[in-house]
Amino acid sequence: ERVTKIKLTLDAPLMQYWIGVVGAKINFTKGWGNRKHIRDADQYLEYNFPMTPYQTETDYIDYGVELYYGFPLSGLKPYFGFGGEFKVEQISSVFIDIDDLTSANSDPISGIPVDEHVERRLVYYLVGGVDYILGRYFYIAPQLKLYFNDIEFKDGKMNVIDRIDKSQLRPMVEIGFIF
């Protein structure tokens, strides 16, 4: 699976104490994803019927807010907190050519999207991480997020999706520039 993201984060201290700081991070993420499904167990369709091989293309916008308590040291800021994200994602699935696993868009029948829909989800999580500032304008931030439930808004209804699966705990590393 390939996911490309552009993320803008605003980090601001709200209250400073002698032992730490309470702050907020506001995140805006624009992302594009592409995943090739080549096994029947590798399903991601609205109706969950096997029709491999196909590829899923996603295009999404994600808005997030995190409240944290951190301990700013020189160049290092360990923190923990909680946050939430609202994600609007457009998903389409098309057949791919089984011989070379490329898109079958040259064939007018195979190029028709198999499934195309928009998902709107609200998620909340716990977060822990360390912001490590290297030099003046560069930082590395390893994080660990523990997701709970997805609340999906679909057809005028709110569906709560339980996140008790392997994607519930997500380690990640963020690399960025400070302006």
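Refer to the preceding data block for the structure.
Note that this is a predicted model, so its numbers are computed, not measured.

(A) Fine view of the pattern of salt bridges. Applying the stated criterion to the full structure yields nine salt bridges. Here D11 makes a salt bridge to K77, at a shortest N to O gap of 2.8 Å. One end of the pair, D11, is in strand 1 (residues 2-16); the other, K77, is in strand 4 (residues 76-95), with 66 residues separating them in the sequence. Here D11 falls in the partly exposed class, since its relative accessible area comes to 35%. Residue classification places K77 among the buried residues on the basis of a relative accessible area of 14%. The partner of K145 in a salt bridge is E85, and the shortest N-O contact between them spans 3.7 Å.

(B) Highlighting the packing of aromatic side chains. This model, assessed by the stated rule, comprises eight aromatic pairs. For the pair Y124 and F148, a centre-to-centre distance of 5.9 Å together with 25 degrees between the ring planes defines the contact as stacked. Remark: F148 occurs in strand 6 (residues 138-154) and Y124 occurs in strand 5 (residues 115-134); sequence separation between them is 24 residues. Following the ring pairs from residue to residue traces out a cluster consisting of Y69, F71 and F80.

(C) The side chain of T58, seen in detail. Its location among the elements puts T58 in strand 3 (residues 54-70). The exposure class of T58 is buried, given its relative accessible area of 16%. Excluding residues within four positions of it along the chain, T58 makes contact with G31, W32, G33, E89, Q90 and I91.

(D) Representation of the nonpolar core in the model. Listed in full, the six residues of the largest apolar core are Y68, Y79, V123, Y125, V127 and Y147. For this core, the element with the highest residue contribution is strand 5, accounting for three residues.

(E) Seen up close, the pairing of strand 6. Note: strand 5 against strand 6, 12 bridges, orientation antiparallel. Directly across from G128, in strand 6, lies its bridge partner L144. Taking the residues that link successive antiparallel strands as the turn, the strand 5-strand 6 hairpin has three residues, and the phi of G135 there is positive, at about 75 degrees. Where strand 6 meets strand 8 (residues 169-177), nine bridges bridge the pair, whose relative direction is antiparallel. Within strand 8, the position partnered with L144 by the bridge is P171.

(F) Local environment of the environment of W18. With respect to the element layout, W18 can be found in the loop between strand 1 and strand 2 (21-37). Look at W18 and you get exposed, because its relative accessible area is 81%. Spatially, the C-alpha atoms of W18 and F71 are 9.7 Å apart, while their sequence positions differ by 53 residues.

(G) Representation of the environment of P13. Relative to the assigned elements, P13 resides in strand 1. Linking P13 and Y69, residues 56 residues apart in sequence, is a C-alpha distance of 9.4 Å. Aside from chain neighbours lying at most four places away, what touches P13 is V21, V22 and G23.

Scoring rules and cut-offs
- Residues numbered from 1 in each chain as written.
- Predicted model: local features only at pLDDT ≥ 70, side-chain atom pairs only at ≥ 80, totals over all residues.
- Heavy atoms only, no water.
- Salt bridge = Lys/Arg side-chain N within 4 Å of Asp/Glu carboxyl O.
- Helix = DSSP H or I, 4+ residues; strand = E, 2+ residues; numbered from the N terminus.
- Buried < 20%, exposed > 50% of the residue type's maximum accessible area, 1.4 Å probe, protein only.
- Phe/Tyr/Trp six-rings, centres within 6.5 Å; stacked < 30°, edge-to-face > 60°.
- Contact = heavy atoms within 4.5 Å.
- Core = buried A, V, L, I, M, F, W, Y, C linked by side-chain atoms within 4.5 Å.
- Pairing = 2+ DSSP bridges.

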